[in-house]
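Chain by chain, the residues run as shown.
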Amino acid sequence: MKDSRPYEPPDAGAIADAQNKDSNLKLLLAQRRLYSRAKIWTTVRGVGVGLIAVGAPLLAAFCEPATVWAAALAAGWYVLNRVAFQRLERLDARRGATVQELFDVAVFGMPTIAVREPRLLPEDVARAGVPGSLQRSRARADEKLRNWYPIRTDVPGRVAIAIAQRGNLAYTRRLLQRHATLWLWLLCGWALAAIAIALCFEFSLATFLLAVALPVMPPLVDAWDEYSQIRVAGREREALANEIEDAIKADGTSPISPQQLLAWQGQLFALRRDSPLVPDWLYWLLRDRAETEMSEAADTIGGTSAQQEEGK
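Residues numbered from 1 in each chain as written. Predicted model: local features only at pLDDT ≥ 70, side-chain atom pairs only at ≥ 80, totals over all residues. Heavy atoms only, no water.

**Here we look at the overall build of the protein chain**
Thought 1: A count of helices and strands for the protein chain gives nine helices and zero strands.
Thought 2: What you see in the protein chain, going N to C, is helices and strands ordered as α-α-α-α-α-α-α-α-α.
Thought 3: Relative to all contacts within the protein chain whose residues are 6 or more apart in sequence, the contacts with residues 24 or more apart total 89%.
Thought 4: In the structure as shown, the protein chain presents an accessible area of about 15,800 Å², 61% of it carried by carbon and sulfur atoms. (Helix = DSSP H or I, 4+ residues; strand = E, 2+ residues; numbered from the N terminus. Contact = heavy atoms within 4.5 Å. Areas by Shrake-Rupley, 256 points an atom, 1.4 Å probe, with all protein chains shown as cover.)

**Points about the pattern of salt bridges**
Thought 1: Tallying each qualifying case throughout the model produces eleven salt bridges.
Thought 2: For aspartate 92, the salt bridge identified is with arginine 95, shortest N-O distance 3.4 Å. Of the two residues, aspartate 92 and arginine 95 both sit in helix H3 (residues 67-107), three residues apart, roughly one turn of that helix.
Thought 3: A residue is classified by how much of its surface remains accessible, and aspartate 92, at 7% relative accessible area, is buried.
Thought 4: For arginine 95, a relative accessible area of 28% puts it in the partly exposed group.
Thought 5: Notably, a salt bridge pairs glutamate 245 with arginine 166, separated by 3.4 Å at the nearest N-O pair. Placement of the pair is glutamate 245 in helix H7 (residues 205-249) and arginine 166 in helix H6 (residues 157-200), with a sequence separation of 79 residues.
Thought 6: Overall, the relative accessible area of 14% leaves arginine 166 in the buried class.
Thought 7: One continuous salt-bridge network, built from bridges that share partners, spans Arg37, Asp92 and Arg95. (Salt bridge = Lys/Arg side-chain N within 4 Å of Asp/Glu carboxyl O. Buried < 20%, exposed > 50% of the residue type's maximum accessible area, 1.4 Å probe, protein only.)

**Considering the packing of aromatic side chains**
Thought 1: Scanning all chains against the criterion turns up four aromatic pairs.
Thought 2: Summarising the aromatic geometry, the rings of tryptophan 41 and phenylalanine 85 are spaced 5.7 Å apart at their centres and angled 20 degrees between planes, so their arrangement reads as stacked. Remark: phenylalanine 85 occurs in helix H3 and tryptophan 41 occurs in helix H2 (residues 22-62); sequence separation between them is 44 residues.
Thought 3: Tryptophan 41 gets classed as partly exposed once you look at its relative accessible area, which sits at 26%.
Thought 4: For phenylalanine 85, a relative accessible area of 11% puts it in the buried group.
Thought 5: Connected via pairs of aromatic rings, a cluster forms that spans Trp41, Trp77 and Phe85.
Thought 6: When the ring centre of tyrosine 283 is taken as reference, the NZ or CZ atom of lysine 39 above it lies at 5.1 Å. (Phe/Tyr/Trp six-rings, centres within 6.5 Å; stacked < 30°, edge-to-face > 60°. Lys NZ or Arg CZ within 6 Å of the ring centre and 35° of its normal.)

As structure tokens, then:
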């Protein structure tokens, strides 16, 4: 259902305060839990396929009669991966994107433009979080959920929102690119190692196909699919981030309209909902550096806007 009220962005100070309100931090905590739950299936997929891809060539090298069983296991896992695990991963990932959208709408004071799918009830959000105020406080401190967006209070609210939207796009794009590149290089490296094992142990053609090609090709196909999806999503994120940055720089002469902010938010939600996930271990490894880069970029872009405001 659309909200007929015209949207007026709140001032930057109100946005900075809103993102640290207890009710909004609860949404961030629920979002993190849902994404982490989705990443369990990401881990199951990666570990299972990785073990098969690594184990099958080694098994064939030392126990050739087990090659057929390894090939059958690889084929079965590939089907299970595509049919079940990937669906379960995407289900929780889309729920996480919906909760993050609820957070953004609350912090940016945006109206409900349309029902986001999948739609979540308040009870769903509560179940995804941690019960009890003390546990929630500890969890928020542990997961650094305060000051989620780098908000400058010396710029207009519309600019603060645009900077936050652009920062999230650039931040996620960098994490996804690093994840895809790492995964692809690891699998390509192991594919070469598996071929080297086959040559060293002089596998027959049948053994090579069953113990190397069949177990190694599915994860390579998955990695390439994910790499391709991330490249497409990265280009879309980059184009949207550049559009927002250009609008921020031109805000002094052509102020950003509320409708632009709402349109960008809709595009941002679609990208979050459909993008591949970054494993938690890599996310935590890269988070500090990515956040530093995002904050520095926000200061640079926001500084230009603040100077424009002072010059008026």
